[in-house]
Every structure is written in C-alpha cells, then in structure tokens.
Amino acid sequence: PEQQDFLFNQDNKDKLKEYLKFHVIRDSKILAVDLPRATAWKTLQGSELGVTCGAGSDIGELFLNDQTCRIVQRELLFDLGVAYGIDCLLIDPTLGGRCDTFATYNFSGDCWSCANTPSCPRWSKPKGVKQKCRYNMSFKGYLEGCREQCTMVIRLPRCCKGYFGRDCQACPGGADAPCSNRGVCLDQYSGIGECRCNTGFNGTACELCLPGRFGPDCQPCGCSAHGQCDDGPTGSGQCFCETGWTGRFCDTQTALPPVCTPSCSAHATCKENNTCECNLNYEGDGITCTVVDFCKQNNGGCAKVARCSQKGTKVSCSCLKGYKGDGRSCKEIDPCADGLNGGCHEHATCKMTGPGKHKCECKSHYVGDGTDCEPEQLPIDRCLQDNGQCHADADCADLHFQDTTVGVFHLRSPLGQYKLTFDKAKEACANEAASMATYNQLSYAQKAKYHLCSAGWLESGRVAYPTAYASQNCGSGVVGIIDYGQRNNKSEMWDVFCYRMKDVNCTCKAGYVGDGFSCSGNLLQVLMSFPSLTNFLTEVLAYSNRSARGRAFRKLLTDLSIRSTLFVPQNSGLGENETLSGRDIEHHLANVSIFFYNDLVNGTVLQTKLGSQLLITSSQDQQQPETRFVDGRAILQWDIFASNGIIHVISRPLKAPPAPVAAVHMGMGTGIFFATALVFGAAALAAYSYFRLNRRTAGFQHFESEEDINVAALGKQQPENIPNPLYESTPSAPQEPSCDYFMDAEDQQLD
C-alpha cells in the first residue's frame, strides 16, 4: 500500500510510467490460451515476461516470471487490446522500491505591522492564523505587530521495507524475504543493505549455517572433536567418527581399533565386521574412495549466478561478473549506486540495465550520450531574426528548421546494406556536401521523431540508430538512440548517418522581383530607394501633387500590369533648384516595353509616354570603352530592375520637344481671314439682290426661278470646307491617350 501511494502521487507520474512499461506487450492482442510459450514475451520496456502453466494443485492457473505473480483476471477485452489482472507488481530491479513520504512543517512568517502583515514564502501556504509579535523600528523601538502562521510540505525520501540505499535496491534474499527471513536487513534510505543474521546463520543473505550446524534452522550438530558433522542447511547432522571412536556424537573410544583386510582407502574408516566406509565428502566402496564432485550437485550449494570450484573437498563459490556476494548468495551490482552516478554526467540519469551494467541518459532539456550532456538547443527558425538575412520585402523559409530530421540523413552503399567502413562512410557523406553526424545531432533528429532501423557510423567512430516509437523488431522496444558504442575496428561494415545544414530560402513577395536577398518593388519604389535619384523623384511627386495628369503618371509607375523603361537623371545632373515640366518628366518614360541595356544599340528609337521619340546612340571611339547615349545623355548605370520595368540612370535630364502651339495659332489666323471674307461676300450679295429686286415691278411670284437666289437660305448655309479653329485642332497635334479625360487647366497648358 505504501508503494502504491507513492506511485499514484501526482509528482511521481514519471516513475509510474516506467513501471507500466514492464506490464505492456506491444503490437500483440494475446488470448489466454496463447500466453504460455517456450520463449518469453518482450515488454514495452524490452524486459522478458515468461508465462507458465500451474502444476499440481495449481493446474489451470497461469503464472508470470517463475511463479512470482499469478493471473487472477483474464481477457478483459478492449477495442485495441486485451488486459489481464495480476496479483503483484512487476518490479524492475533498476527502479527500486521507493516509498517516499511527505511531512508537514509549521513555521512562523516575518513579523511586521498588523495592517501590512508579510505573506508566507511562495513555497509555503498560510494557515489563516495570525500571531501577535513584536518588531523593531529603528526610530520607534519595539512595536506590537503580527506574523502569519505558515505550513509547508516536504518530501522525505524513503525506501519500502526490504529495500535500501539511494536507489532503494532490494535487500539480499529479495524484498519479499530479506535476509532469507533469518536475519535483519539494514534497509531504508540510509541503510547499507547488509544482513545481521540470527544465531547459527551465516552468508550474505543468511542462507548458510555456521560450521557445526545443520538443517533449515541451523541447529547444532553436537559432534565431539573426534567426529565430523554433516552440517549445512541441507546437512543431516550425522557425526562421522575418527578411527577408534564411536557413538552418535563420536564420544566413545573403542577398546581395540578394528582391522580391515584388504586395507581401507586413506579416505575411509575401518568399521567392525571388516567393513570400510568412505569418509564424509568421499564416495566409493571404502577400498577405493574418490572425492564427491559437489559442483555437479546443485552447483555445489553456490548461487545460480555464481561459479562453483572445488579443491579437494573444499568448495568455493564466487559470484559471476555483475554480481556481488559470498557466492552462496549473490545479488546484482548496481553501478549507479556507487555514489558517483555510475560515471554518468552530472546532468544525466544513471539506469541499471543488467547485473553490473548501466546506461547514462541525459536529463530532460539536455542532449548527449549520457557521459557528456549539453543544454538542449533545438533548431531556431532563423527567419525570426532579421528575417533570416532575407530582404525586408521577401518571404523567409528556414529549410533547416522545417526539415523533419533536422539536417540528418542516412546513406547506404550502392552495394547494399552495411557495406561501408568508417573511412568509406566519411567519404560518402563528403560526396553529398555533408559531414558525418555527431551523436548529439542524431539525438536531435530522434527528438524530432526520426525513426530508422538501420545502424550507421557516427563522427566519433561509434555506431547507432534512432527509434521514435517502440517496436520489437527495431531496438527491442526501446525508444531513443540504440547505441552500439565505440567500434575499435574501423573496418567494420555499417551504413552512415550524415549531417548537412540546410539554407534559408528567400523569395520576394508578390509585386517584387529579385533573388530574395535583394528585392525590388515597382518603378516608384525603386526610385525612392536610391538616394542618388532623389531630385528626379522630387520632381515626379511635385508633378503628381499639382495635376491630375501628374497623378496618372505616378500611378503608371506603380501599375504592375504595364512594363516600362524609365530613364532617370542622377542628382548631380539635375540640380535641386532646377525644375522639370510635366512634359519633360513624361518624356523620360518609354512605356511600350522593357529595354535592357543590351537592347539599346546604336540607332534604336523608343516611343515615350508623350508619343515623342528617344534616339539611342553610342560612342565610336575604339580607344575608349563604349558609352551609350539617349538623346545625347550618357547612360551611367543600367538594368536596375523593378517589378514593372527597368531603370537606366543618365547623366542629365531629357528635354521634351515643344508642344506644337505655332500650328494652332496659324490655323486660327487663317480661319479669321476666311470668316471676314465670307462676311464681306454675304454683304455684297445682299446689296446686289436688293438693287435687282427694286428694279422689278411685277413677277414677284417668279422668285424661285432657277435664275433667282434664295437669300434667306444663303444666310443659313454653313461652309463645309473651311475649318473652325475654335472646335478643331491642326492635324499635326498629337492625340492624347484615352485616359486623359480628367485633364485639368495645367494639363491643357501642357499641350
């Protein structure tokens, strides 16, 4: 019950989890009829679980692990398995019998003013009761005050009965029968696990009798000095007398020693009736006596895990490697209980994996092989810092952070599995622009759920492989790094685990172009990013602020559906006090297509936003590098990319051709001349008609004869072949784009 209370405590869930692993058989739904078999089952933790059938009065029963536990409930069926009830806890010797207790301690808090009583420390709780006290104020002396009554719970490490030491290991003889129930074990947390045997008993687990004692209770034999007792726990207590002595206890001397013919063996005693009897520990007919081979009989009384050796009649027992004791009783050596954490790192947990064997595992939030543990540093998304060195207008993706194996990958020889020596494995990784993975790198991959049941070389010359889930076919159900340790023979054949740090992937966002480390926006954004082009930018923004046509031009620079080529004068060629007209600004934009520097060959003509033309020329001096010009302005820097075009930097601003205003004034003068002539002609005709009509006295009804002229109709007739300068423009004036319907007064003056 005390151990049950300990395991079911909220703070000990990790230990309960470890215990439960020894009770689960993975990937098998086994019915009761199939449980008994010749080979043991493997538990989730990798331990063996044997099931045997009962015999005698226990026929029909099922027992676990050499009848230490009995199955009391069978086949409790669930959707994903079947459960069995047993009458004991399958205890792993490496976990020990912990029965920690908790003690409650009461104490008083600090004393201060009752109006502002100090709280209990954060690791304790108030009892809800205040106590009067006195506290000292340097300028007032001692004053009446209050203090909280606090309580705290402290865990007291404690071993269950029959267990001892820091790791609560079982006492000699086992926890169920410590010291074979023939003595007292120095158990508990501070105990050393030694047995203080009862009178007559001896041995590590009080399993032996002192010399001269026999039987299960180690009672005295009573033989005299002339007799040898058949002693020991299995002895009969019979006294074997020397020659010349007789009696139950060999305490009676015969009158004359008997003489046997033929002579008895040197290891025999002559009895009456000419009988030779082999001495104790010898066997034969008395004439010939040989020493009994005790090691063949129940291992000479030695423990099962001890080596029996015999010299003469003397039997010696020595515990096998990984065990300690007197040979008659041997218990497993726990390397983790040496007071030095089994040689594991200070941030590692030592776990006993078998007699004299242990495994070092780094604690939570540490990584390593257990003998060397470093703080866990899981991969950090490099995009979280300075956008992974990508441009501010780029999307960053850390491929290493997103990699499910954190840079670790497995390589196998083209010849098949396990065909790489250490040197060949190193070469194989190098051919993939990688290095051999370290143990820690493989550990990070395992923590990222990397599971691969194929052992491979690591950088330090050790061999291992990662398991992310328990499988009997891979690592015997162990989850973690299956470590084969350092390999002294580097010519052994294995696969290899390599490591390669993956890059950060930078991709310009929508509306931007570039390699991700450098991203360019639209023409206006690129223009704003160059300090050497700010004077032209200022002119563009001023143009945009003062007219609708300027705003339309600025919108054109940001329109991603249009591809344009923009020529921009550098600041040194465009002074801060120099201004450009709207026509001049639009004359810098060729919005037909993108023209790269290589496209701007001598004689190329570009159409501008105004409809005007730009002529590309180049220098012909063979002694100097070629210089290309646009309308006589040297191109100084070229192919500056934008998401909707390209920019070329020129030495000086371009000047737009003048608007065709002269043609408009000439057309207006011509129209006035013809209008004046028309007026005079109409007046002359009217006078002529008046005089002619006055000369006629009759025949007014003949007014519509062919010879007559309809003066009224003439006055209404409009000339068809004379243009009106108020409503028409000259044919030479350029057509404005259809988008300019919002042209304001300044736009009209521009044209």
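Residues numbered from 1 in each chain as written. Predicted model: local features only at pLDDT ≥ 70, side-chain atom pairs only at ≥ 80, totals over all residues. Heavy atoms only, no water.

Notes on the overall build of the protein
Turning to step 1, where the next piece is worked out: Of the regular secondary structure elements, the protein holds 12 helices and 50 strands.
Turning to step 2, where the next piece is worked out: Scored against the burial criterion, the 751 residues of the protein give a buried share of 36%.
Turning to step 3, where the next piece is worked out: Here the protein has roughly 44,400 Å² of accessible surface; of this, 52% comes from carbon and sulfur atoms. (Helix = DSSP H or I, 4+ residues; strand = E, 2+ residues; numbered from the N terminus. Buried < 20%, exposed > 50% of the residue type's maximum accessible area, 1.4 Å probe, protein only. Areas by Shrake-Rupley, 256 points an atom, 1.4 Å probe, with all protein chains shown as cover.)

Description of the sheet that holds strand 4 (residues 62-64)
Turning to step 1, where the next piece is worked out: The 4 strands are arranged 3-4-5-6 in an open sheet whose pairing can be described as antiparallel. Among the strands making up the open sheet, the edge pair consists of strand 3 (51-53) and strand 6 (81-86). The mean angle between the axes of side-by-side strands here comes to 45°, regardless of whether they run parallel or antiparallel.
Turning to step 2, where the next piece is worked out: Pairing between strand 3 and strand 4: 3 bridges, direction antiparallel. By the bridge assignment, Cys53 is partnered in strand 4 with Leu62. (Pairing = 2+ DSSP bridges. Axes fitted to C-alpha atoms, helices over the stretch in contact; angles between N-to-C directions.)

Some points on a nonpolar patch on the surface
Turning to step 1, where the next piece is worked out: Taken together, the side chains of Leu31, Val33 and Leu77 present a nonpolar region at the surface, about 300 Å² in accessible area.
Turning to step 2, where the next piece is worked out: Note on placement: Val33 falls in the loop between helix 2 (13-21) and strand 1 (41-42). (Patch = residues over 30% accessible without salt bridge, like charges linked within 9 Å, V, L, I, M, F, W, Y side chains within 5 Å. Salt bridge = Lys/Arg side-chain N within 4 Å of Asp/Glu carboxyl O.)

Looking at the confidence of the model for the protein
Turning to step 1, where the next piece is worked out: Of all residues in the protein, 85% attain a pLDDT of 70 or more, and the chain-wide mean is 82.
Turning to step 2, where the next piece is worked out: Predicted confidence is poor over residues 662-668, with pLDDT under 50, and the contacts of this stretch with residues over four places away or in other chains come to 5 contacts.
Turning to step 3, where the next piece is worked out: Low pLDDT (under 50) marks residues 688-746, which in the prediction has 37 contacts with non-local residues, meaning those over four places away or in another chain. (pLDDT = per-residue confidence, 0-100. Contact = heavy atoms within 4.5 Å.)

Observations concerning the packing of aromatic side chains
For any pair of aromatic rings, geometry is given as the distance between the ring centres together with the angle between the planes.
Turning to step 1, where the next piece is worked out: Taken as a whole and judged by the stated rule, the model has 10 aromatic pairs.
Turning to step 2, where the next piece is worked out: Both rings, one in Phe596 and one in Phe641, keep their centres 5.9 Å apart while their planes meet at 55°; by these two values the pair is tilted. Placement of the pair is Phe596 in the loop between strand 45 (589-590) and strand 46 (605-607) and Phe641 in strand 49 (residues 633-642), with a sequence separation of 45 residues.
Turning to step 3, where the next piece is worked out: Using a relative accessible area of 34% as the deciding quantity, one classes Phe596 as partly exposed.
Turning to step 4, where the next piece is worked out: These aromatic residues form a ring-pair network of at least three members: Tyr418, Tyr465, Tyr484 and Trp494.
Turning to step 5, where the next piece is worked out: Between the NZ or CZ atom of Arg37 and the centre of the ring of Trp41, over which it lies, the distance is 3.5 Å.
Turning to step 6, where the next piece is worked out: A cation over an aromatic ring shows up here: Arg628 above the ring of Tyr597, its NZ or CZ 4.4 Å from the ring centre. (Phe/Tyr/Trp six-rings, centres within 6.5 Å; stacked < 30°, edge-to-face > 60°. Lys NZ or Arg CZ within 6 Å of the ring centre and 35° of its normal.)

A few points about the packing of helix 7 (residues 534-546) against helix 8 (residues 548-558)
Turning to step 1, where the next piece is worked out: Helix 8 packs onto helix 7 with a crossing angle of 130° between their chain directions and a minimal axis gap of 5 Å. Viewed along their axes, helix 7 and helix 8 adopt a mutual orientation that is oblique. As for the relative orientation of helix 7 and helix 8, their crossing is left-handed in sense. Residues Val540, Leu541, Tyr543, Ser544 and Asn545 of helix 7 touch helix 8, and the partners they reach there are Arg549, Gly550, Arg551, Phe553, Arg554 and Leu557. (Parallel < 35°, antiparallel > 145°, perpendicular 65-115°, else oblique. Left-handed = near helix turned anticlockwise from the far one by under 90°.)

Re the state of the cysteines
Turning to step 1, where the next piece is worked out: This model, assessed by the stated rule, comprises 26 disulfides.
Turning to step 2, where the next piece is worked out: In this model Cys171 forms its disulfide with Cys185; the gap between the sulfur atoms is 2.0 Å. With the S-S bond torsion at -80°, the cross-link from Cys171 to Cys185 turns out left-handed. Here Cys171 is found in the loop between strand 11 (169-170) and strand 12 (183-185), whereas its partner Cys185 is found in strand 12, with 14 residues between them in sequence. (Disulfide = S-S within 2.5 Å.)

Here we look at the nonpolar core
Turning to step 1, where the next piece is worked out: Of all hydrophobic cores here, the largest spans 29 residues; its most connected members are Val408, Trp457, Val496 and Phe497.
Turning to step 2, where the next piece is worked out: Residue assignment for this core shows that the elements contributing at least two residues are strand 35 (408-411), helix 4 (422-431), helix 5 (439-447), strand 38 (462-467), strand 39 (480-486) and strand 40 (495-499).
Turning to step 3, where the next piece is worked out: In terms of nonpolar packing, the next biggest core, distinct from the first, is built from 22 residues, Leu524, Leu527, Val540 and Ile640 among them. (Core = buried A, V, L, I, M, F, W, Y, C linked by side-chain atoms within 4.5 Å.)

Observations concerning the sheet that holds strand 8 (residues 125-137)
Turning to step 1, where the next piece is worked out: In spatial order, the strands read 7-9-8; together these 3 strands make up an open sheet with antiparallel pairing. Among the strands making up the open sheet, the edge pair consists of strand 7 (101-108) and strand 8. Across the sheet, the mean angle separating the axes of adjacent strands is 20° when strand polarity is ignored.

Describing unusual backbone geometry
The bulk of non-glycine residues show a negative phi, and the bulk of peptide bonds are trans.
Turning to step 1, where the next piece is worked out: Cis geometry marks the peptide bond from Thr261 to Pro262; its omega dihedral reads -10°.
Turning to step 2, where the next piece is worked out: Tracing the chain through its elements places Pro262 in the loop between strand 21 (252-253) and strand 22 (268-271).
Turning to step 3, where the next piece is worked out: Even without glycine at this site, Asn181 takes up a positive phi of about 60°.
Turning to step 4, where the next piece is worked out: Along the chain, Asn181 falls in the loop between strand 11 and strand 12.

Focus on the pairing of strand 49
In the case of a regular strand, side chains alternate between the two sheet surfaces.
Turning to step 1, where the next piece is worked out: In terms of strand pairing, strand 48 (residues 628-630) meets strand 49 through 2 bridges, oriented antiparallel. Residue pairing across strands places Phe629 opposite Ala634, the latter belonging to strand 49.
Turning to step 2, where the next piece is worked out: The sheet contact formed by strand 49 and strand 50 (residues 645-650) spans 5 bridges and is antiparallel. The residue of strand 50 that forms the bridge with Gln637 is Val649.
Turning to step 3, where the next piece is worked out: If you look at the hairpin formed by strand 49 and strand 50, you'll find 2 residues sitting between the two strands.

A short note on helix 7
Turning to step 1, where the next piece is worked out: Taking 1.5 Å per residue as the helical rise, helix 7 with its 13 residues ought to reach 18 Å, and the 18 Å between its terminal C-alpha atoms agrees with that figure.
Turning to step 2, where the next piece is worked out: Those residues of helix 7 not exposed but buried are Asn535, Phe536, Leu537, Glu539, Val540, Tyr543 and Ser544. (Expected span 1.5 Å × (residues − 1).)

Comments concerning the pattern of salt bridges
Turning to step 1, where the next piece is worked out: Going through the model one piece at a time under the given rule, you end up with 16 salt bridges.
Turning to step 2, where the next piece is worked out: The closest approach of N and O atoms between Asp369 and Arg462, which form a salt bridge, is 2.8 Å. Of this pair, Asp369 sits in the loop between strand 32 (366-368) and strand 33 (373-375) while Arg462 sits in strand 38, and the two are 93 residues apart along the sequence. An identical accessibility class is assigned to Asp369 and Arg462; each is buried.
Turning to step 3, where the next piece is worked out: Across the pair Glu586 and Lys609 runs a salt bridge, and its minimum N-O distance is 3.7 Å. One end of the pair, Glu586, is in helix 9 (residues 582-586); the other, Lys609, is in the loop between strand 46 and strand 47 (613-618), with 23 residues separating them in the sequence.

Considering the side chain of Thr467
Turning to step 1, where the next piece is worked out: When you line up the elements, Thr467 lands in strand 38.
Turning to step 2, where the next piece is worked out: Thr467 sits in the buried class, given a relative accessible area of 0%.
Turning to step 3, where the next piece is worked out: In this structure the side chain of Thr467 is engaged in a polar contact, spanning 2.8 Å, whose partner is the backbone oxygen of Val478.
Turning to step 4, where the next piece is worked out: Excluding residues that lie within four positions of it along the chain, Thr467 makes contacts with Gln446, Tyr450, His451, Cys474, Val478, Val479, Gly480 and Ile482. (Polar contact = N/O pair within 3.5 Å; in protein donor to acceptor, adjacent residues only side chain to side chain.)

Topic: the environment of Met528
Turning to step 1, where the next piece is worked out: Topologically, Met528 is positioned in helix 6 (residues 523-529).
Turning to step 2, where the next piece is worked out: With a relative accessible area of 52%, Met528 lands in the exposed category.
Turning to step 3, where the next piece is worked out: Separated by 10 residues in sequence, Met528 and Thr538 have C-alpha atoms that sit 9.5 Å apart.

Focus: the side chain of Asp369
Turning to step 1, where the next piece is worked out: At 2.9 Å, the side chain of Asp369 forms a polar contact with the side chain of Thr371.
Turning to step 2, where the next piece is worked out: A distance of 3.0 Å separates the side chain of Asp369 from the backbone nitrogen of Asp372, its partner in a polar contact.
Turning to step 3, where the next piece is worked out: In contact with Asp369, not counting residues within four places along its chain, are Cys360, Cys362, Tyr439, Asn440 and Arg462.

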